[in-house]
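Okay, here's what each chain looks like letter by letter:
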Amino acid sequence: MSLKTLSRPLFPTLLLLALSGLSLAQVSVNISVGVPPPELPVYEQPPIPGDGYVWTPGYWAWSDDDQDYYWVPGTWVLAPQPEYLWTPGYWGWGGAAFIWHTGYWGPHVGFYGGVNYGYGYGGSGYEGGYWQGGRMYYNRSVNNISNTNITNVYNKTVINNVTVNKVSYNGGNGGVRAQPTRAEEEATRERHVPPISAQQHQAQEARSNPALRAKENQGHPPIAATPRPGAFSGAGVVQARGAVNRAEPQPRAENQRRTESPSRPEPQSRAQPQSRAEPQSRAEPQRRPESQPRAAQPETRAPQPAPPPRPAPAPRPAAPPPRPPAEQRRPEQAPPPRAAPAPRPESAPRPAPRPESAPRPAAPREARPEHPPGR
């Protein structure tokens, strides 16, 4: 009994000693997976929220409950204290399985498997910024510094091969062949700070989101990066290239089809009946007036010899309703315009001046010789 009572107070102290020893080196969590993680997705970095934030790239984590990898989006994290940088975690081949090496905060960036996470983490060291005088200076060439309030920036060209090499693990079949340098080995012996609560919250939110599982997104997570830890919606959330939101495009496509289907049949149904119904309705009245103008032809011929009866066409105003359709056909039938001798009645008045010449031979002018005998 005495040994059990003594072991209880000793256990917490032994745990603290173990954790303090682990803080001096990179922690290797007891997670081993026989299947390698998927390739790293390609995504855009959201803008930095403010001064003092450090970029922590996204990574593939493993869920024993789901037996699947899930993506933990990259995010901007406020450094736990000045002069501390983030060393990302990585998957490494342990000879029989892949082992996860947890990331940490420290004065220098240590070894992270040679994995090219991008945005300053090209596989060795960090080219995204540095601390000086308690302030973080950011490299504009690899970071999205769109906040005008941040003036402590500089430009340094960095070659980023994240679009070429997207391998997310070290060693094994197809893994990155990289070994830690002396500087990286020394960095592992420095005092470290484990992931802060904000980073742990980011991982928990990612694990509870089914859309971030590798089986669901096929390596293209819909939420690849967030502006802050835990901000999985709203402005600043970025999806991976090639990611497809299955819930949104389907209703949009249906709405497009519904809007297109009614609009297309409407013009067809309106245009077809108009074109078909109009010729039918017009054809019937056009045939009927054909007999009427034929009967009216003698009426037009009768007034030709006698111009005085021309005022008689008073009944013609009643006839115009049937005549317009007939006139419409006459332009279609070439003969009616030829047979319409409208100028001929104009020639009829030409003989009219002849009766005017008749009075010229009249006797009143010839009576002039009758005056001399009167004289």
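Bear in mind that the values here come from a model prediction, so they are computed numbers and not experimental data.

Asks: Tell me about the pattern of salt bridges, and name the residues and values.
Replies: Inspection of the entire model under this criterion finds six salt bridges. Between Glu44 and Arg241 there is a salt bridge, with its nearest N and O atoms 2.5 Å apart. With Glu44 in the loop between β1 (28–33) and β2 (53–56) and Arg241 in the loop between β14 (225–226) and α5 (249–263), this residue pair connects regions lying 197 residues apart in the sequence. Judged by its relative accessible area of 43%, Glu44 falls in the partly exposed class. Lys156 is the partner of Glu127 in a salt bridge, and the nearest nitrogen-oxygen pair spans 3.1 Å. Remark: Lys156 occurs in the loop between β12 (153–154) and β13 (169–170) and Glu127 occurs in the loop between β9 (104–106) and β10 (129–132); sequence separation between them is 29 residues.

Asks: How would you explain the sheet that holds β14 if you had to name every residue and give the values?
Replies: Spatial strand order, β2-β5-β14: three strands in an open sheet with mixed pairing. Edge positions in the sheet fall to β2 and β14, since each has one partner strand and no second. Relative to strand β5 (residues 74–78), β2 runs antiparallel, the two sharing four bridges. In the strand pairing of β5, Trp55 is matched with Trp76.

Asks: Tell me about the environment of Asn139, and name the residues and values.
Replies: Turning to its location among the elements, Asn139 is positioned in strand β11 (residues 135–139). In this structure, the C-alpha to C-alpha distance between Asn139 and Val153, residues 14 residues apart in sequence, is 5.9 Å. If near-sequence neighbours (up to four positions away) are discounted, Asn139 is found in contact with Glu127, Gly128, Gly129, Tyr154, Asn155, Lys156 and Val158. Among the polar contacts listed, one links the side chain of Asn139 to the backbone oxygen of Glu127, at a separation of 3.2 Å. At a separation of 2.8 Å, a polar atom in the side chain of Asn139 contacts the side chain of Ser141.

Asks: I'd love a proper account of the packing of aromatic side chains, names of residues and values included.
Replies: Any two aromatic rings considered together are summarised by their centre-to-centre distance and by the angle between their planes. This structure, assessed with the given rule, holds 18 aromatic pairs. With 5.4 Å between their ring centres and 65 degrees between their planes, Trp55 and Trp76 make a pair best called edge-to-face. Of this pair, Trp55 sits in strand β2 while Trp76 sits in strand β5; the two residues are 21 residues apart in sequence, bridging distant segments of the chain. Trp76 shares its class with Trp55; the two are buried. Aromatic pair Tyr130 and Tyr137: ring centres 5.5 Å apart, planes at 10 degrees, arrangement stacked. Exposure remark for Tyr130: the relative accessible area of 35% places this residue in the partly exposed category. Taken together, the ring pairs connect Tyr43, Trp55, Trp60, Trp71, Trp76 and Tyr119 into an aromatic cluster.

Asks: How would you sum up the sheet that holds β11? Please name residues and give values.
Replies: The three strands lie next to each other as β10-β11-β12, forming an open sheet whose pairing is mixed. At either end of the open sheet lies a strand with only one pairing partner, and these are β10 and β12. In terms of strand pairing, β10 meets β11 through four bridges, oriented antiparallel. Opposite Tyr130, over in β11, you have Tyr137 as the bridge partner.

Conventions adopted
- Residues numbered from 1 in each chain as written.
- Predicted model: local features only at pLDDT ≥ 70, side-chain atom pairs only at ≥ 80, totals over all residues.
- Heavy atoms only, no water.
- Salt bridge = Lys/Arg side-chain N within 4 Å of Asp/Glu carboxyl O.
- Helix = DSSP H or I, 4+ residues; strand = E, 2+ residues; numbered from the N terminus.
- Buried < 20%, exposed > 50% of the residue type's maximum accessible area, 1.4 Å probe, protein only.
- Pairing = 2+ DSSP bridges.
- Contact = heavy atoms within 4.5 Å.
- Polar contact = N/O pair within 3.5 Å; in protein donor to acceptor, adjacent residues only side chain to side chain.
- Phe/Tyr/Trp six-rings, centres within 6.5 Å; stacked < 30°, edge-to-face > 60°.

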